[in-house]
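Per-entry structural report
Residues per chain, in single letters:
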Amino acid sequence: MTFSISIHVDGYYGLVKGVPNLLNLFDNYGIKATFFVNMGKEANLFQILKYRKKNKISKTDSKIFSRYNKRQLIEILFLNRKLGNKYSRILKDIKIRGHEVEPHCWSHLLWSKNFENINHTKEILKMKKAYFKIFNKNPIGFAPPTWKYNSKIINILKKEGFEYISISGPKNKVYFEYGLKIIPLSFNKTIEELLNDGKNKEEILNIYEKEMKKEYVNLYFHSDFEGIKGIKLLEEVIKIVNNKKTLLCGEIL
Ligand SMILES: [Zn+2]
């Protein structure tokens, strides 16, 4: 059986607060995980307003804003802070503590909201370069924001030496698409999404208990939520893992 966990690190708080919290939690329970990190910058106010005007900010997006308090939201809108590329210390710490780091994106907002019009090669090269600067090696895995990809993206990734992408499921095994390895989730939702669906703690734990009985288990969480506000509930979920050996994405390959 395969058991793996990936963490998406989207924003500033997820990086500077959520990641250290998760590293401590995982240490306590002997869990190893793959962290897909936003290597670029936070979205700025003008980008958010532009996509809001175009009605591209959905209900789910608005719920994501509820992760943060008012002061944090204002900071996000105005500071346009750098993320992974500026925090080599945090990224190296993830690795030192036995986990894996791979890039998630350069600009999360553009990839998810303006996927058709952006220069994908440029986005991929920017995140790859930032990653190389920190680790002195090239990344091999990629988790596209909001799971958006196509054959063109896969061809760019193959050319740039990537070996796999991590995408949404639910599926029950690793497979190939356009000649690249696909590591799908076995369960699509996070604790945050289940809470937003109106599920209570007991229902959520039941869902994970059932999921973890499968032969192929691949779960994902957001450091911006499950690493901060949702960390207590994540700990309850992690307890269900109960010393099962977790595999990194690079090990599933
Ligand atoms: Zn993301």
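Look above for the structure.
Residues numbered from 1 in each chain as written. Predicted model: local features only at pLDDT ≥ 70, side-chain atom pairs only at ≥ 80, totals over all residues. Heavy atoms only, no water.

**Side note on the overall build of the protein**
As a reminder of what qualifies: Each helix is a run of DSSP H or I of at least 4 residues and each strand a run of E of at least 2, with the numbering of both proceeding from the N terminus. C-alpha atoms define the radius of gyration in this analysis, and the globule rule sets the expected value at 2.2 Å times the number of residues to the power 0.38. For the exposure calls, accessible area comes from a 1.4 Å probe over protein chains only, and a residue counts as buried if that area is under 20% of its type's maximum, exposed if over 50%, partly exposed in between. Here, residues are in contact when the closest pair of their heavy atoms is within 4.5 Å. Accessible surface area values rest on a Shrake-Rupley calculation with a 1.4 Å probe, where residue burial reflects the displayed protein chains alone.
What the protein contains, in helices and strands, is 12 helices and 8 strands. Taking 2.2 N^0.38 as the reference for a compact globule, 253 residues should give roughly 18 Å; the C-alpha atoms of the protein span a radius of gyration of 17 Å, in line with that estimate. Over its C-alpha atoms, taken along the principal directions, the protein stretches across nearly 45 × 45 × 35 Å. In the protein, which comprises 253 residues, the share counted as buried stands at 52%. In the protein, 74% of the contacts between residues at least 6 apart in sequence involve partners at least 24 apart. For the protein, the accessible area works out to roughly 12,100 Å², and carbon and sulfur atoms hold 52% of it.

**Brief notes about the coordination of the zinc ion**
Where we set the bar: Water is not part of the atom set, so a site may look incomplete; the donors themselves are N, O and S atoms within 2.8 Å of the metal, or 3.2 Å for Na, K and Ca.
Taken together, the protein ligands of the zinc ion are Asp10 (OD), His104 (NE2) and His108 (NE2), with distances of 2.1 to 2.3 Å. Of note, the zinc ion draws all its donor residues from one chain, in the sequence arrangement D-x93-H-x3-H. In this pair, Asp10 sits in the loop between β1 (2–9) and α1 (12–29) while His104 sits in strand β3 (residues 100–105), placing the two residues 94 residues apart along the sequence. In this pair, the class of Asp10 matches that of His104, namely buried.

**Quick look at the sheet that holds strand β8 (residues 216–222)**
What counts here: The rule for pairing is simple: two strands pair if DSSP sees at least two bridges between them. Simply put, an axis is a line fit to the C-alpha atoms, just over the touching stretch for a helix, and the angle between two N-to-C directions goes from 0 to 180 degrees.
Here we have 4 strands laid out as an open sheet, ordered β3-β2-β1-β8, and parallel in their pairing. The open sheet is flanked by β3 and β8, the only strands paired with a single partner. In this sheet, adjacent strand axes meet at a mean angle of 25° when their direction is disregarded. Sheet analysis places β1 next to β8, joined by 7 bridges and oriented parallel. The partner of His8 across the bridge, within β8, is His222.

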